[in-house]
Each structure stands twice: as C-alpha cells, then as structure tokens.
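# Observations on chain architecture
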Amino acid sequence: MALQELDFDSCYRAVSARDPRFDGRFYTAVTTTRIYCRPICPARTPASRNVRFYRHAASAEAAGFRPCKRCRPELSPGDPGWDLRGDLVGRALRLIDDGAADEQGVAGLARRLHITERHLHRLFVAELGVGPLAVARTKRLLLAKQLLTETALPVTEVAFAAGFGSVRQFNATMRETYGFTPSELRATAGPRAALLAHASVPAVDAASPGSAADSVLNVAHPADRSDSAAGAVTLRLRLHRREPYDVDGVFSFLASRAIPGLEVADRTSYRRSVQGGTITLTPRPDHIALDVAVEDTRQLARIVARCRRLLDLDADPEAISDVLRHTSLGPLVAARPGLRVPGTFDGFELAVRAVVGQQISVAGARTLLGRIVAGAAAPGGLFPTPDQLLDTDLSGLGMTNRRVDTLKDLAARLTDGQLDLDGGQDPAEAVAALLEVRGIGPWTAGYIALRALRDPDAWPTGDLVLVKRMAALGIPNDHIERWRPWRAYAALHLWSSS
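From a predicted model like this one, the values you see are computed outputs, not experimental measurements.

Here we take up the pairing of strand β9 (residues 287-294). Regular strands have side chains that alternate between both faces of the sheet. Counting buried positions along β9 gives eight out of eight residues, so the element sits mostly inside the fold. Note that strand β5 (residues 233-240) and β9 share eight bridges and pair antiparallel. When the bridges of β9 are listed, T234 appears paired with A293. As defined by bridge partners, strand β8 (residues 277-283) adjoins β9 across seven bridges and the pair is classed as antiparallel. Within β9, the residue paired with T282 across the bridge is A289. Between β8 and β9, which pair antiparallel one after the other, the connecting turn spans three residues.

Moving on to the nonpolar core. Counting 62 residues, the largest nonpolar core has I372 and W483 as the members making the most contacts within it. Apart from the residues lying within four places of it in its own chain, the contact partners of W483 are L324, T327, S328, L329, D457, W459, M470, I475, A490 and L494. If you look at the next biggest cluster of nonpolar residues, it comprises 50 residues, including L142, L147, Y178 and I279.

Assignment of secondary structure puts R38 in the loop between β2 (35-37) and β3 (51-54). Judged by relative accessible area, R38 falls into the buried class, the value being 7%. Here C71 takes part through its backbone oxygen, which lies 2.8 Å from a polar atom of the side chain of R38. If sequence neighbours within four positions are ignored, R38 has contacts with D23, C71, R72, P73, L75, S76 and P77.

With respect to the secondary-structure elements, I35 resides in strand β2. Sequence separation between I35 and F65 is 30 residues; the distance between their C-alpha atoms is 4.9 Å. In this structure, I35 is in contact with T28, A29, V30, F65, R66, P67 and C68, ignoring residues within four places of it in sequence.

Moving on to the confidence of the model for the protein chain. Mean pLDDT over the protein chain stands at 89; residues scoring 70 or higher make up 90%. Throughout residues 191-229 the model reports pLDDT below 50, and contacts reaching past four residues in sequence, or to other chains, amount to 69 contacts.

Scoring rules and cut-offs
Residues numbered from 1 in each chain as written. Predicted model: local features only at pLDDT ≥ 70, side-chain atom pairs only at ≥ 80, totals over all residues. Heavy atoms only, no water. Buried < 20%, exposed > 50% of the residue type's maximum accessible area, 1.4 Å probe, protein only. Helix = DSSP H or I, 4+ residues; strand = E, 2+ residues; numbered from the N terminus. Pairing = 2+ DSSP bridges. Core = buried A, V, L, I, M, F, W, Y, C linked by side-chain atoms within 4.5 Å. Contact = heavy atoms within 4.5 Å. Polar contact = N/O pair within 3.5 Å; in protein donor to acceptor, adjacent residues only side chain to side chain. pLDDT = per-residue confidence, 0-100.

In structure tokens:
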C-alpha cells in the first residue's frame with residue numbers, strides 16, 4: 001500500500017474506536033502536541049482537524065512528531081502489508097529490521113538488493129515519504145526507547161544494542177528527534193524504570209520464565225551469572241502479537257521439530273542457541289516474553305526481528321480467515337482461530353531441514369539434523385553456517401551420498417551469493433534458484449518458501465500428508481487455487497488437522 005492510499009476517514013474511525021486490528025498499520029500524529037500514537041492509544045481522541053496519518057513511524061518522525069509515552073509505538077506489531085510483500089521496499093524493510101542497514105549502511109543494503117542506492121531511496125520516498133536511512137534511524141530509536149523504558153540496561157549498552165555507533169551519536173539523535181536525552185527519558189519513565197535503573201536485579205532463570213515480571217531486563221553482575229555465559233547480559237523484552245494467536249499450534253510445531261543440541265522446546269516455551277548465548281520464548285496472555293542471554297547486545301535488533309518471523313507475530317489473522325473460512329477449509333479455520341505459519345530463525349538452517357527431511361519422518365529428520373550440528377561442532381552449539389557446512393564431513397551420519405551432495409551444493413550457492421534465503425532475494429527468484437540445486441524439487445522449494453521466504457501463498461507440491469488429509473476430508477485438488485493468496489496457511493490447517 002502506497003503512502004497516498006491511506007484513507008483519512010477510515011483511519012479516523014479506527015482511531016475513534018481504538019480498533020486493535022489497525023495497530024501497526026498506521027500512526028496518528030497530532031499537530032497540537034507534535035506527538036504520534038498507535039490507533040489504540042487510550043488518550044482522548046483528538047479533533048479530526050488536528051490529525052495527520054502516516055503509514056510508518058519514520059514518516060511521522062521525519063515530519064517532526066515524537067512517539068507517545070503512553071501507547072508506546074515501539075510495541076506495535078509489524079504492518080502485515082509490509083510483512084507479506086516480496087517487492088523491493090518490503091524486502092528492504094525486513095532487512096532493515098534484521099540490522100542490515102546498521103551493519104552495512106544504506107549502500108550495503110542496496111547492494112544486498114542488487115539495486116543502486118539512489119533507486120532504493122527513490123522507492124522509499126514514493127512509498128513512505130522518507131528514505132531508508134530515516135527508517136533505520138527510527139527503528140534504532142524505538143528499540144532504544146523500549147530498552148530505556150522497560151529495562152535496567154545502562155545507557156551506554158542501550159546505545160550499542162539499538163545499533164548506534166557511539167553514545168554521543170545516540171544522545172544527539174534522541175535529543176534532535178524526541179527533544180530529550182536518553183537519561184531524561186529514563187528519569188520520566190516511571191518509578192518502575194527508575195528502580196530498575198538504580199537497583200541490582202537478580203538474573204532471570206530461563207527454565208522458570210515466571211520467576212520475574214514480564215517486562216524486566218536484568219543486568220547481572222559477572223559473579224551472579226551462573227546460569228548464562230561468562231560476560232553475558234541477560235534481558236527480557238515483550239514481543240506483541242495480533243490476536244487471535246494459536247499459541248499451542250505454533251509452539252507444538254516447533255517442539256516436534258526441535259534439533260537436539262540446538263533447541264529445547266515444548267508447548268510452553270522454545271529455547272535455542274544463538275551467537276554468543278541463548279534465547280527463550282515464552283507465551284504470555286497478550287504477548288511473547290523474549291529472554292535473551294548474549295555477550296554482545298548489538299545483535300539484539302536482529303534477534304527481535306528473527307523471533308517475530310519465527311513465531312509469525314505480524315500476520316493478519318482476520319484477513320487470512322476472511323478468505324479461508326468461506327472455502328472447504330471452513331471447519332478447520334473455525335477449529336484453529338489465529339493459526340500461524342512458523343518461520344525460521346535462519347534461512348539456511350531451514351533449507352537444510354527441508355533437504356534432510358525429504359521422504360523421512362519428522363523424528364528421523366531431527367536425529368539427522370542433531371548429528372549435523374554435533375558433527376559441525378560450531379562454537380556455542382550453533383547451527384553451522386554455509387561455510388562451516390562445506391568444511392564438515394557429512395559421511396557416516398546416515399544420509400545418502402546424493403543428499404550430502406545436495407547440502408554441499410546448497411551451501412556453496414549461498415556462500416558465493418547465488419542464493420539469499422534471509423530476505424534479500426525476490427521470493428520467486430529464490431525458488432527458481434533453489435530448483436537449480438540437484439536434489440531440490442517442488443516440495444522442498446515450496447516448503448522453504450513457506451517457512452524461510454515467508455511467502456503466504458507457498459504450497460509444498462506433492463506433500464503426502466496434505467494429499468492424504470485432502471482425500472480424507474473430500475477436498476478436490478482444484479480447491480487449492482481457491483485458497484490463494486493464503487495457501488501456506490491452508491497447508492498448516494491441513495497439517496494441524498492430522
């Protein structure tokens with residue numbers, strides 16, 4: 001949806017009703033206060049003559065508005081429109097969320113998308129009214145605001161965790177954009193934040209997610225870090241979601257596919273190794289608690305973005321249901337409201353899962369994947385990178401030579417840049433590139449598109465479980481076309497019904 005497509009009257013009605021369905025889709029800016037809010041802000045609805053609407057928080061900030069301290073725009077779920085789009089702007093926004101602009105700059109972001117920096121800027125201005133640099137800056141500021149408001153992380157650590165290059169830059173940018181310094185924000189964030197900022201708080205035990213309040217970020221002293229890596233910072237953040245949300249479906253799916261040595265999961269939590277530490281995701285009544293224990297907080301923005309994609313938190317369940325409930329899947333949709341398509345923390349990891357899982361059971365695939373993790377011996381118990389997999393001897397793990405060759409070919413293509421499974425490549429082009437790998441057919445490419453490329457219309461052609469479930473339910477094959485553009489969610493409904 002382009003900037004000019006926002007309808008004033010529709011947006012104003014949504015704000016007046018505080019309709020949660022529109023949270024994250026646009027922001028309301030009030031000219032008399034110079035503040036911008038979420039559509040669900042509990043403050044009194046401003047007069048229409050004093051209101052402006054913006055599609056992205058960066059657009060509001062570029063126009064001179066600062067975020068509301070009451071509704072906190074940094075907690076908004078992502079716009080499902082951008083989450084679905086596979087075009088250049090949609091992919092660029094996902095890469096910015098993943099920290100690409102912070103690490104490589106806008107020039108590096110443009111190179112990742114194989115376009116010029118000027119063309120990328122032109123596309124952003126046409127869609128959002130601001131360039132990619134402004135969007136990246138707003139992302140940094142909003143993450144910093146959340147950390148300052150909810151947590152005890154020192155201001156210096158907040159600066160680097162949010163992606164700023166220096167504390168001086170952080171202070172200057174926040175003062176210029178919001179009119180106050182980080183320390184001033186923390187001082188006015190309320191007694192809870194003040195207590196966290198000045199008191200020692202015991203570390204969260206990841207095995208007991210209810211042992212501390214949900215919005216706490218704990219900074220343990222080195223001597224107190226018995227449950228985490230030496231030098232690690234342990235923190236907790238809230239990840240908001242759109243309701244309804246099928247918690248049991250998502251966490252059960254991840255638990256049944258957890259790789260030994262990398263992940264530990266059940267219906268109530270999901271834990272995995274990440275670079276320099278671990279993360280744990282635990283469902284709460286209205287959000288997901290993310291516990292992070294890492295040595296380098298600069299990867300926090302990437303962790304948050306990847307966890308949101310892993311749990312499909314930005315999907316629009318109402319839009320999906322509106323299409324699927326009027327088809328032959330109606331009874332399944334009614335039985336599992338808020339069903340989501342679990343994503344992945346890493347695109348290459350998911351592609352390896354798909355290849356290894358060809359024509360074997362889920363349990364068998366888990367066993368082989370655990371052997372790959374153990375055989376690669378990546379530092380920290382991580383899943384091997386493409387480079388590491390190329391250097392790993394995969395013989396004797398229980399896979400055929402042909403499957404080993406497929407994995408090596410896949411890793412080589414990611415290493416040399418022919419393939420990008422983490423958001424930089426057009427989904428259709430990525431699927432075409434996957435099909436060029438010997439040993440990857442339509443089912444494997446479709447499954448990777450469904451979970452790694454986040455294509456809501458992906459369909460794993462030839463999946464035996466889907467074929468059997470459709471036959472058992474008396475659903476003809478031509479109904480698959482009726483489930484567009486949500487065939488990925490249709491596949492999950494059928495898988496979940498077995």
